[in-house]
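Structural characterization, general
Listed below, chain by chain, are the residues.
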Amino acid sequence: MKRVVVIGASGGIGSALVQQLATECELYAFARSPAQIPDVGAAVHAIDITDEASIAHAAEHIPDTVDAIFVATGLLHADQLQPEKALRDLEPEHFQRAMAVNALGPALVAKHFLPKLPRDARGLFAAFSARVGSISDNRLGGWYSYRASKAALNMLIKGAAIEMGRRYKHAIIIGLHPGTVDTGLSQPFQQQVPADKLFTPEQSANYLLGVCRGLTPDDSGKCFDWQGKEIVP
């Protein structure tokens, strides 16, 4: 990967990706608050993934061809919004916000950034998903907004992979489950996580980059965890 885009570059894993990739490639880093992106020599720009005009403008800041695009964004809780324990907790505002950030946002990024992948060489688009987005793996219920938004993202990834595969034969469009990472997103929910399964952002970024380097176009449309294991829909 010689030329890479990281969207969500100010978050825990996004920052770690930026720091690890900065020494290896020409890097373009985007975040809602660009000043919070690590200062490692990347080209830094603003983006708001809930605003299509902002996404389209951001795409204008990168070259015509890039080798990889990482969308390291996600919303689980914010302000007074918390994952639902039961249907009685479901709030339209929370559901719509989760869908806007976790599903529609990455889909709009794909709309404007996927044409930047090379047509005649390997190109990667990886959006952060989650194991709880798997319908068949749902054994506990709850977390309706987050689960539904990540399931929607996985479907959008599958559709984009099918479409891109018709014209970009070497494209790899995937979802990534980074595991439970010690960031603000997971902090309220870490109590029951074994110490060896709670990763630092640097660990998670390293695992995910290793997974991505081993993928081929045959893997496009799938979702993989930090070990490289496919997560069933």
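Residues numbered from 1 in each chain as written. Predicted model: local features only at pLDDT ≥ 70, side-chain atom pairs only at ≥ 80, totals over all residues. Heavy atoms only, no water.

Points about the overall build of the protein chain
- Counting its secondary structure elements, the protein chain contains five helices and nine strands.
- Scanning the protein chain from its N terminus toward the C terminus, one meets helices and strands in the order β-α-β-β-α-β-α-β-α-β-β-β-α-β.
- Expected size for 233 residues packed as a compact globule is a radius of gyration near 17 Å; at 17 Å, the protein chain falls within 12% of this value.
- C-alpha extents for the protein chain along the principal axes are approximately 50 × 40 × 40 Å.
- Classification of the 233 residues of the protein chain by burial places 48% in the buried group.
- Of the contacts formed within the protein chain by residues at least 6 apart in sequence, a portion of 66% connects residues at least 24 apart. (Helix = DSSP H or I, 4+ residues; strand = E, 2+ residues; numbered from the N terminus. Rg over C-alpha atoms; globule rule 2.2 N^0.38 Å. Buried < 20%, exposed > 50% of the residue type's maximum accessible area, 1.4 Å probe, protein only. Contact = heavy atoms within 4.5 Å.)

Some remarks on the sheet that holds strand S5 (residues 123–128)
- Reading across from one edge, S3-S2-S1-S4-S5-S6-S9 is the order of the seven strands in this open sheet, with parallel pairing throughout. Whereas interior strands pair on both sides, the edge strands pair on one side only; in this sheet they are strand S3 (43–46) and strand S9 (223–225). Neighbour-to-neighbour, the strand axes of the sheet open up by a mean angle of 20°, direction not taken into account.
- Across four bridges, the pairing between strand S2 (residues 26–31) and S3 is parallel. Each bridged residue has a counterpart across the sheet, and for Ala31 the counterpart in S3 is Ala46.
- The strands touched by helix H3 (residues 92–113) within the sheet are strand S1 (3–7), strand S4 (68–71) and S5, with S5 carrying the most contacts at an inclination of about 165°.
- Sitting on the sheet, helix H4 (residues 144–167) is in contact with S5, strand S6 (171–177) and S9, with an inclination near 170° to S6. (Pairing = 2+ DSSP bridges. Axes fitted to C-alpha atoms, helices over the stretch in contact; angles between N-to-C directions.)

Brief notes about helix H1 (residues 12–21)
- Counting buried positions over the ten residues of H1 gives seven, a clear majority of the element.
- Of all the positions in H1, only Ile13, Gly14, Ser15, Ala16, Leu17, Val18 and Leu21 are classed as buried.
- Looking at the packing, one finds that the buried side of H1 touches S1, S2, S4, S5, strand S7 (180–181) and helix H5 (201–213).

Examining the pattern of salt bridges
- Evaluation of the coordinates by the stated rule reveals seven salt bridges.
- In this structure, Glu24 and Arg213 form a salt bridge, with 2.7 Å as the shortest nitrogen-oxygen distance. Placement of Glu24 in the loop between H1 and S2 and of Arg213 in helix H5 is noted, with a sequence separation of 189 residues between them. (Salt bridge = Lys/Arg side-chain N within 4 Å of Asp/Glu carboxyl O.)

Some details on the packing of H1 against H5
- At their nearest, the axes of H1 and H5 sit 8 Å apart, and the two run at 65° to each other. Considering only the axes of H1 and H5, their crossing is right-handed. Across from Gly12, Ile13, Ala16, Leu17, Gln19, Gln20 and Leu21 in H1, the residues of H5 making contact are Pro201, Glu202, Ser204, Ala205, Asn206, Leu208 and Leu209.
- Its residues placed into classes, the contact of H1 with H5 shows eight nonpolar, five polar and one charged. (Left-handed = near helix turned anticlockwise from the far one by under 90°. Nonpolar A, V, L, I, M, F, W, Y, C, P; charged D, E, K, R; others polar.)

Describing the state of the cysteines
- For the coordinates displayed, the defined rule picks out zero disulfides.
- For the unlinked cysteine Cys25, the closest cysteine sulfur is that of Cys212, found at 13 Å. (Disulfide = S-S within 2.5 Å.)

Focus: the side chain of Lys150
- Note on placement: Lys150 falls in helix H4.
- One buried charged side chain, Lys150, makes no salt bridge at all; its nearest oppositely charged neighbour is Glu84, positioned 14 Å away.
- If sequence neighbours within four positions are ignored, Lys150 has contacts with Thr73, Gly74, Asn102, Phe128, Ser129, Ala130 and Gly133. (Lys, Arg positive; Asp, Glu negative; His and termini not counted.)

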